[in-house]
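Report on the structure
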Amino acid sequence: MVLKSLKQKNKSFIFKSFGNMESENPAKIIFSRFPMPDEQFPMADQKSVLDSSAFKTLDDSHESKESLVDHIINNMVSNIMSNRIDYKRFFSECVEGVEDLTYDNNAIKTADDFFRHLPGEAAFAIAQEAYLYAKEADEFTADYKKK
């Protein structure tokens, strides 16, 4: 069998948000690599209450019960966050740079510039679009050779 690539993603991605495609010189996100299909960029790790010291040292005291309740609430927040994508981490690990993007007289060239200078909602929208593009699978075909 010979595995061949039919459609491989371009490492230079022109995003559609904010009318970028209609620009004379559209901005591009340049990928250094694409994430593997199972690679995730969670904002937080999933946590278990049962494995915590607050649960293991639980007794009938008011302080112990209060500590457990605080711990449960913090774990709920962390677990909700673990389902969200950390776009800053994704950019720092997968994006080489940004070309032809300026905001408020600041040239956006790096992942750090991207999140430092762009307004939060704009950075989120563009980063989300880039993430979805990066997670698209390449299309492959196979040729079977007879011996």
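In short, a report on the structure.

The rules behind each value
- Residues numbered from 1 in each chain as written.
- Predicted model: local features only at pLDDT ≥ 70, side-chain atom pairs only at ≥ 80, totals over all residues.
- Heavy atoms only, no water.
- Pairing = 2+ DSSP bridges.
- Helix = DSSP H or I, 4+ residues; strand = E, 2+ residues; numbered from the N terminus.
- Axes fitted to C-alpha atoms, helices over the stretch in contact; angles between N-to-C directions.
- Contact = heavy atoms within 4.5 Å.
- Buried < 20%, exposed > 50% of the residue type's maximum accessible area, 1.4 Å probe, protein only.
- Polar contact = N/O pair within 3.5 Å; in protein donor to acceptor, adjacent residues only side chain to side chain.
- Arc of directions from axis to C-beta.

1. Comments concerning the sheet that holds strand β4 (residues 95–99)
Strands sit in the order β2-β3-β4 across an open sheet of 3 strands; the sheet is antiparallel. In this open sheet, the two edge strands, each paired with only one partner strand, are β2 (12–14) and β4. The mean angle between the axes of side-by-side strands here comes to 25°, regardless of whether they run parallel or antiparallel. Where β2 and strand β3 (residues 28–31) come together, 3 bridges link them in antiparallel fashion. The residue of β3 that forms the bridge with F13 is I29. Against the sheet, helix α5 (residues 120–135) contacts β2 and β3, and its axis sits at roughly 45° relative to β3.

2. Brief notes about the side chain of S17
Secondary-structure assignment places S17 in the loop between β2 and β3. Accessibility expressed as a relative area gives 14% for S17, which makes it buried. In this structure the side chain of S17 is engaged in a polar contact, spanning 2.6 Å, whose partner is the side chain of E129. Once residues within four sequence positions are removed from consideration, S17 is found in contact with A125, I126 and E129.

3. Regarding helix α3 (residues 87–94)
Where α3 is concerned, the buried positions are Y87, F90, F91 and C94. Here the buried residues of α3 occupy an arc of 95° about the axis, which is enough to place them on one side. Residues of α3 that are exposed and angled more than 90 degrees away from the buried face: K88 and S92. Those residues of α3 that are buried are in contact with β3, β4, α4 (111–117) and α5.

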